Amino acid sequence: MTQQNAEPARVIAQNATAGAPASPSRRHWLTGMSLSVGSLMIPISASWLASPDARAADNALVEINDWIRIDADGTTVLGLSQCEVGQGVYTGLPQVLADELDADWRRVRVAFVTARDAYRTAAANEALQQFVGASMSATLFYERLRVAGAQAREALVSVAARRFGVRTTNCVTKDGRVLHPQSGRSLGYGELVAEAAKLPLNPHPRLKHDAAHVLIGKSVARLDTPSKVDGSAVFGIDVNVPGMLCGAVRMAPTSGGMPLSVRNREEIKARKGVHDVVLAKDAVIVVAEDYWRAKRACDALDVEWQAGPAADSATILAQRRDALANASGGVATNIGDAKQRIAAGGKVVTAEYHSPYIVHATMEPVNATVHVRKDKGEIEVWGPIQGQDKVRWALGGIFRLPPEKITVHTTFLGGSFGRKYVPDFVIHAALASAAVGRPVKVIRSREDDIRHGFFRPCASGRFQAVLSHDGLPGAMHMRVAGQSMYNVIKKDHYEKAGYDETMLDGLYDLAYAVPNLRVEGIDVPQSNIPVSFMRSVGSTSSVFFLESFIDEMADAAGIDPVEYRKRLLKHDTLATRVIETTVTSAGWHTKAKPGVHRGFGYCTYTGRGAAFSTYVAVAVELRVVSDRFKVERVVCGVDCGRPINPNLIRANIEGGIGFALTNTFKSQITFANGGVEQSNFGDYPLLYLAEMPKVETVILPSDRPPQGCGEVSLPPMAPAVAQAIRRATGVRARSMPLPQTVAEARALATPD
């Protein structure tokens, strides 16, 4: 998921905090009266969930199935169940649906849909739910949407054929019409939909042949771009509903801290425009007429806090290193007898690697608008929601309501990367609304969003291998220690397995051929540090460890690192093809320009629950400019199955590389005195535009179904950059973030 959607939200956030009113177009959206092509993502209307008769009466839109509604004038509304986070599903998924339907793309509208099982998926070992994450939208919905489009097309053709008095096989469809070529007659979908909606759906409709697709595989322009350029796109922070108040949040100074009392509560409540001061389990929320008054009052709070358990980065690192040396780990993979082979001696390679906690740092801080209607026993939510059912379950549990009593309206998300799947910010808005009896929009400040996010866990790895006579590993033993994500995954499942698989992404399912392999994961609990999914999950750490170690073994064997990988992957033709295509495109085997240093990284990215496999390789070119490392060029080869929209794939790859370089050089959350030391982009910086390299994405043709691409370019970037730094300085960096200057590199390690 890329950051490309987030910048408009950043500008909007500045306006919202100043108390600026919503623009007329936004108010128009909130009444549900406007729906223009690509203009904005609208919440589901009540008619979409009501009876067929009620739905038909709503603006003359007739529902054919869970995904398709057509107006009498031929306007086609396509349902989108996966929220638009920047990854392009607002265009890509409707593109699949419209192609199989043979809709007129010029008259297509997109509406976010929710609350039906058709929109839900089962993540690995998780409950069936509606959510976006793990780069699985294209993989899991490609066939589902094709079937839905074909079902509707068959029903429309059936009605048209009956009116024409011909066989259905004599009819064709194109641009929202059914045609009878022999007689030249045609009928628009709008003329057929009322009758077609009454027909039973064919559960196994005939799908188009690939050659017949007119949209799938094409670089169709994004539908959401115009609204993000002209400012009409609605992000969560823009929401404005009748009677709404605004809330600001004050979080504890330490992780895991709790408010005990507000000493000046009555004084704050007496301020002009302030409605209430609400205590939550982990925060204090001030509710006022506008955000600026709420924020100023929040800053003036005198809160008695109960401090959370001590958290200190140096101590946490020491705990991980001790665990690597002494703790027994859960065994994820045990092939042959790796430990014995290594203990027997030979050319043994050993290395230790580390990665820090990092935080999502989305451009749009977390926010939500909630109206708790106690008298009606229902709740309505608006905001940047990545997990719709997660919100229903959380609020349903707190307010003792069935999930169907909780309506969730999803706006555009100003970045998420996994952050807005966890509904803590929605809970704050719900508690505030329940206290004042009105809808409340709660916005968390960026400082509190960074200090009290849900962090990607830190990790440390100790890797050992013994090389055989050919220089390839005869045995490998990989141990990774870090904080597990038991708070957001099904703990029972992983406790039975003895390890958290997210900690071992790319290791326990190693793509490389190693005859003796042992992989262990060790949980080092940190009770007061909340962790959760972040873009590429554990792969950012584990693949950095693995690919760096592959380079170290290749150096020890005196073999070119690309050739070394090819030998270890000779059993996998798809992997080899991606590597060869990438190095050829990058000119790897030609002499580099003076001052240019190269690095290479590879990853077989496996989706959660083995949902997909994407093959990705990167070749980087780095130069030293005024003592600073500058990545100038990245060539990324990717096989992500059949491309739905090549432009969207390129955007995801490019955005992922920018995101990865931020993590590689800059991202680090540190703890001291029980709290997070970073607070904003001043001390938790993002990659600057001037630091972004030229990216060349090579999309390999494939006859496999679409695979994930939103996260896949992240994991191989850090090890590729580390290899280029070693070639530039002779120093191998084994800890992230990597050094940004030659002086920093030479200060942290002894040259190989």
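Rules used in this analysis
- Residues numbered from 1 in each chain as written.
- Predicted model: local features only at pLDDT ≥ 70, side-chain atom pairs only at ≥ 80, totals over all residues.
- Heavy atoms only, no water.
- Domains from an automatic or database assignment.
- Contact = heavy atoms within 4.5 Å.
- Buried area = accessible area lost by both parts, 1.4 Å probe.
- Salt bridge = Lys/Arg side-chain N within 4 Å of Asp/Glu carboxyl O.
- Polar contact = N/O pair within 3.5 Å; in protein donor to acceptor, adjacent residues only side chain to side chain.
- Pairing = 2+ DSSP bridges.
- Helix = DSSP H or I, 4+ residues; strand = E, 2+ residues; numbered from the N terminus.
- Disulfide = S-S within 2.5 Å.
- Buried < 20%, exposed > 50% of the residue type's maximum accessible area, 1.4 Å probe, protein only.
- Lys, Arg positive; Asp, Glu negative; His and termini not counted.

Student: Would you mind showing me how to read the domain arrangement of the protein here?
Tutor: Interfaces are often sized by the amount of accessible area the parts lose when they come together. Taken domain by domain, the protein comprises domain 1 (61-226), domain 2 (236-308 + 366-443) and domain 3 (327-357 + 456-748). At the interface, seven residues of domain 2 touch 11 residues of domain 3. Summing both partners gives a buried area of about 700 Å² for domain 2 against domain 3, and 59% of it is carried by carbon and sulfur. Here domain 2 is connected to domain 3 by zero salt bridges. If you look at where domain 2 meets domain 3, you find two residue pairs in polar contact (both at pLDDT 80 or more).

Student: Please explain the pairing of strand β12 (residues 274-279) as it appears in this structure.
Tutor: Two faces, one strand: in a regular strand the side chains alternate between the faces of the sheet. Sheet topology places β12 next to strand β13 (residues 283-288); five bridges connect them, and they run antiparallel. For D276, the partnering residue across the bridge sits in β13 and is V287. If you look at the hairpin formed by β12 and β13, you'll find three residues sitting between the two strands.

Student: Can you help me understand the state of the cysteines in this one?
Tutor: Working definition of a disulfide: a covalent bond connecting the sulfur atoms of two cysteines. Overall, the coordinates contain zero disulfides when judged by the stated rule. Not engaged in a disulfide, the cysteine C709 finds its nearest cysteine sulfur in C640; these two sulfurs lie 5.0 Å apart.

Student: Sorry, what's going on with the environment of G88 here?
Tutor: Positionally, G88 belongs in the loop between β3 (76-80) and α5 (89-101). For the pair G88 and A127, spaced 39 residues apart in sequence, the C-alpha separation works out to 25 Å. Look past the residues within four positions of G88 in its chain and what remains in contact with it is R222 and L648.

Student: How do you make sense of the side chain of R535 when you look at a structure like this?
Tutor: Locating R535 in the fold gives a position in the loop between β23 (517-523) and α17 (539-557). No salt bridge is formed by the buried R535, whose closest oppositely charged neighbour, E711, lies at an N-O distance of 6.2 Å. Of note is the side chain of R535, whose polar atom sits 3.5 Å from the backbone oxygen of N652.

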